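A look at the structure
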Amino acid sequence: MGTMPEQIPLILDVDTGIDDALALLYACASPEVDLLAVTCVAGNVDARRVAWNTRAVLEVAGRGDVPVVLGREQPLVKPLVTTPETHGPTGLGYASLPEPSRALEHSEAADRIVELARTRPGEITLVTLGPLTNLAVALEREPALPSLLKGFVLMGGAYKAPGNTTPTSEWNLHVDPDAARAVFAAWRPDLDGPPMDLPLAMGLDVTEHAILRPGHLGALARRAGASLADAGAMASEPLRLAGSVAANPVLRFIGDALRFYFEFHEQYDGFYGAFIHDPFAVAAALDRSLVFTQPVFVDVETGPGLAHAMTVADWRGTTGQPSNLDVAVAANADAFMERFIDRVGGLAEARSGVAR
Ligand code: BDR
Ligand code: CA
């Protein structure tokens, strides 16, 4: 019997979303994660839908016990724009999941983040996978949050890479650039204050190297114990769900969600597969050796125009401002993909006997 790895207390802030759903599965499949709460924010879909999706996905993973907390339903300043063309009208592609049985928590996301951080100062890692609205509100309520958390990892921004929403901006930043600007400013090191680690920024520079293709799904299905023929159908283009794969709640969910995401990427990015941004951010939060980072000063353009919502990184230090982010500039995406297949495939295997 293996020993239990050292536990990492984690809060995930999500806008579930297909790749957010995969990140939830990855977290649930990771033995070192102690998932304290999942907080929800408007982004890919509206916040109430995010909360429904999040609870439904956690139940697929067998983690209906994890508290799910509703957060901000609108960005700080801009009106909400969602992205049904990327994630489907419900946010989960072609997947249709049963009504979750556990109710939403009574508290609110920003309060919950602050409360948990105060209860366990210096212990908790916060990972945000959507717009930074909840965190910006939490920082207004508790400006000491950066030193109360052990770490903060975000999926968001495009630091040396082009944007995916406009030529200069990444989706999570584009939904709420005002929140991102406030959050990045809050992590400015105070030379007289307590020391704090810089946030790890997982932007498109690295997350677009995490490309999931049908072949990976075939390997994941095999890892979960599916027959060679059924795994082969999942590895084909277009991917099909057959026999032992269709009967497994985790594999069926992944297949139905990703079929939509693959079609989206085929149309917009020219390949039948998908960038899996959010699970890569969770994986890097758990294991920093997956990424190589550079500290840099970053601000966000909140004004109108071509650079709206751009993460402006001062790589040459021309502003003289101290670094406020550790930006991932290179990553071991292959190691991550292997780990994703192994862990999520293992979770699917463990859930194979569950009737739906
Ligand atoms: C980010 O945008 C969302 O659509 C994804 O879930 C991810 O968090 C990538 O730009
Ligand atoms: Ca997301």
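Residues numbered from 1 in each chain as written. Chains lettered and ligands numbered in written order. Predicted model: local features only at pLDDT ≥ 70, side-chain atom pairs only at ≥ 80, totals over all residues. Heavy atoms only, no water.

**Details of the coordination of the calcium ion (ligand 2)**
- Surrounding the calcium ion (ligand 2) are the protein donor atoms Asp 15 (OD), Asp 20 (OD), Asp 20 (OD), Leu 129 (O) and Asp 278 (OD), at 2.3 to 2.6 Å.
- Look at where the donors of the calcium ion (ligand 2) fall in the sequence and you get D-x4-D-x108-L-x148-D. Taken as a pair, Asp 20 in helix α1 (residues 18-28) and Leu 129 in the loop between β4 (125-128) and α5 (133-141) lie far apart in primary sequence, 109 residues in all.
- Taking relative accessible area as the criterion, Asp 20 reaches 0% and is therefore assigned buried.
- Its relative accessible area of 1% is what places Leu 129 among the buried residues. (Donors = N, O, S within 2.8 Å, 3.2 Å for Na, K, Ca; no water. Helix = DSSP H or I, 4+ residues; strand = E, 2+ residues; numbered from the N terminus. Buried < 20%, exposed > 50% of the residue type's maximum accessible area, 1.4 Å probe, protein only.)

**Considerations on the layout of surface pockets**
- Taken as a whole, the largest pocket encloses approximately 440 Å³ of empty space.
- Around the largest pocket, the lining is made up of 24 residues, and of these Thr 86, Asn 164, Thr 165, Trp 171 and Phe 264 lie nearest the centre.
- If you tally residues by element for the lining of the largest pocket, the top one is helix α13 (residues 249-269), at five residues.
- Classifying every residue of the lining of the largest pocket gives seven nonpolar, nine polar and eight charged.
- Space inside the second largest pocket adds up to approximately 180 Å³.
- Lining the second largest pocket are Ile 8, Thr 125, Lys 150, Gly 151, Asp 197, Leu 198, Ala 285 and Arg 288. (1 Å grid on protein atoms, 1.4 Å probe; cavity = no way out; pocket = protein on both sides within 12 Å on 5 of 7 lines; lining within 4 Å. Points joined across faces, edges and corners; volume = space filled by probe spheres on them. Nonpolar A, V, L, I, M, F, W, Y, C, P; charged D, E, K, R; others polar.)

**Considerations on the pairing of strand β2 (residues 33-40)**
- Buried residues dominate β2, accounting for seven of its eight residues.
- In this structure, strand β1 (residues 8-14) lies alongside β2, joined through seven bridges in parallel fashion. Bridge assignment links Ile 11 to a residue of β2, and that residue is Ala 37.
- At this point the chain moves from β1, through α1, to the parallel β2, and the crossover so formed is right-handed.
- The pairing of β2 with strand β3 (residues 68-70) spans three bridges and is classified as parallel. Residue Cys 40 lies in a different strand from β3, and its bridge partner there is Leu 70. (Pairing = 2+ DSSP bridges. Right-handed = clockwise from strand over helix to strand, strands pointing away.)

Interpretation note: all reported values are geometric properties and have no functional meaning in isolation.
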